[in-house]
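# Geometric and topological summary
Take a look at the letters that make up each chain.
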Amino acid sequence: MHVLSSRILLRPADPERSRRFYGETLGLAVYREFGTGTERGTVYFLGGGFLELSGRATAPPPPELRVWLQVADVRAAHRELVARGAEILREPVVEPWGLVEMWLADPDGHEIVIVEVPEDHPLRYRPTL
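In this report, we go over the structure that sits alongside the text. (Residues numbered from 1 in each chain as written. Predicted model: local features only at pLDDT ≥ 70, side-chain atom pairs only at ≥ 80, totals over all residues. Heavy atoms only, no water.)

## With respect to the sheet that holds strand E7 (residues 100–105)
So the rule is basically this: Between any two strands, pairing holds if DSSP finds at least two bridges. Strands are runs of DSSP state E lasting at least 2 residues, helices are runs of H or I lasting at least 4, and numbering of each runs from the N terminus. Here an axis means a line fitted to C-alpha atoms, over the contact stretch when the element is a helix, while the angle between two N-to-C directions is reported on a 0 to 180 degree scale. For this analysis, residues touch if any pair of their heavy atoms sits within 4.5 Å.
Strand order in the open sheet formed by four strands is E5-E8-E7-E6, and the pairing between neighbours is mixed. Edge strands, defined here as strands with exactly one partner in the open sheet, are strand E5 (66–70) and strand E6 (88–94). Each adjacent strand pair in this sheet contributes to an overall mean axis angle of 15°, direction not counted. Strands E6, E7 and strand E8 (111–116) of the sheet are contacted by helix H2 (residues 74–83), whose axis makes an angle of about 160° with E6.

Here it is as structure tokens:
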């Protein structure tokens, strides 16, 4: 299988509220929109992938669904998100596995982990060929 593109698909309970959160609070850039009015779908850039908000939720989000976003500086992201009114679930902390993580939730309760991979972390290791 050769994957050409990928995206996370979320069905928010209140699409306008979620568009404000992802577009204004998180500051994600819009890739495209489709449909019209309050029920329109919005697709945001997520680094190497996309996040699509479309449709409307009929049940609470599954607790095992999480969005993982890597940033260059998690503490700078923390300051930016707090200034924009984001509710932080967990402040930035260096985890036992070496990543710096901060947690927040979107308006529907989808958990979002903001991750910084330090320079000396094995995830940055690129073996020479």
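## Looking at the layout of surface pockets
Our working rule: Every definition here rests on a 1 Å grid over the protein atoms only: cavities are sets of points where a 1.4 Å probe fits but cannot get out, pockets are open sets enclosed by protein on both sides within 12 Å along at least five of seven lines, and lining residues have some atom within 4 Å of a point. Grid points are joined across faces, edges and corners, and a volume is the space filled by probe spheres set on the points. Each residue is assigned to one of three groups, with Ala, Val, Leu, Ile, Met, Phe, Trp, Tyr, Cys and Pro labelled nonpolar, Asp, Glu, Lys and Arg labelled charged, and all others, Gly among them, labelled polar.
As a volume, the largest pocket reaches approximately 350 Å³. Lining the largest pocket are 16 residues, and of these Leu28, Leu69, Gln70, Val71 and Ile114 sit closest to its centre. For the lining of the largest pocket, the elements supplying multiple residues, two or more each, are E5 and H2. At four residues, H2 tops the list of elements feeding residues into the lining of the largest pocket. A breakdown of the residues in the lining of the largest pocket according to their chemical character gives eleven nonpolar, three polar and two charged.

## Digging into the packing of aromatic side chains
Heads up, the rule is: Here is the rule: rings of Phe, Tyr and Trp (six-membered ring for Trp) pair when centre to centre is within 6.5 Å. Planes less than 30 degrees apart are stacked, more than 60 are edge-to-face, and the remainder are tilted. The rule is simple: take the accessible area with a 1.4 Å probe, protein chains only, and divide by the maximum for that residue type; under 20% is buried, over 50% is exposed, in between is partly exposed.
Enumeration over the complete set of coordinates arrives at five aromatic pairs. When the centroid spacing of 4.3 Å and the interplanar angle of 40° are considered together, the rings of Tyr31 and Phe50 count as tilted. In this pair, Tyr31 is assigned in strand E2 (residues 30–34) and Phe50 in strand E4 (residues 49–53), connecting sequence segments 19 residues apart. Since its relative accessible area comes to 39%, Tyr31 is described here as partly exposed.

## A word on H2
For clarity, the threshold we go by: Relevant arc is that of directions from the helix axis to the C-beta atoms, nothing else. As used in this structure description, the phrase polar contact means that two N or O atoms lie within 3.5 Å; if the pair is within protein, one of them must be able to donate a hydrogen and the other to accept it, and residues adjacent in sequence are counted only when both atoms belong to side chains.
Taken as a whole, H2 has its buried residues at Val74, Ala77, His78 and Leu81. Burial along H2 is one-sided: seen end-on, the buried residues are contained in an arc of 105°. Opposite the buried face of H2, at more than 90 degrees from it, the exposed residues are Arg79 and Ala83. Buried positions along H2 lie against helix H1 (15–25), E6, E7 and E8. Of the residues that open H2, the one with a side-chain oxygen 3.1 Å from the backbone nitrogen of Arg75 is Asp73.

## Focus on the sheet that holds E2
Sheet strands associate in pairs through backbone hydrogen bonding, adopting either a parallel or an antiparallel arrangement. Across the sheet, which stays open at both edges, the four strands sit in the order E1-E4-E3-E2 with mixed pairing between neighbours. A strand with exactly one partner marks an edge of an open sheet, and here the two such strands are strand E1 (7–10) and E2. Direction aside, the axes of adjacent strands within the sheet are offset by 15° on average. As judged from the four bridges shared by E2 and strand E3 (residues 41–46), these two strands associate in the antiparallel manner. Note on E3: the bridge partner recorded for Val30 is Tyr44.

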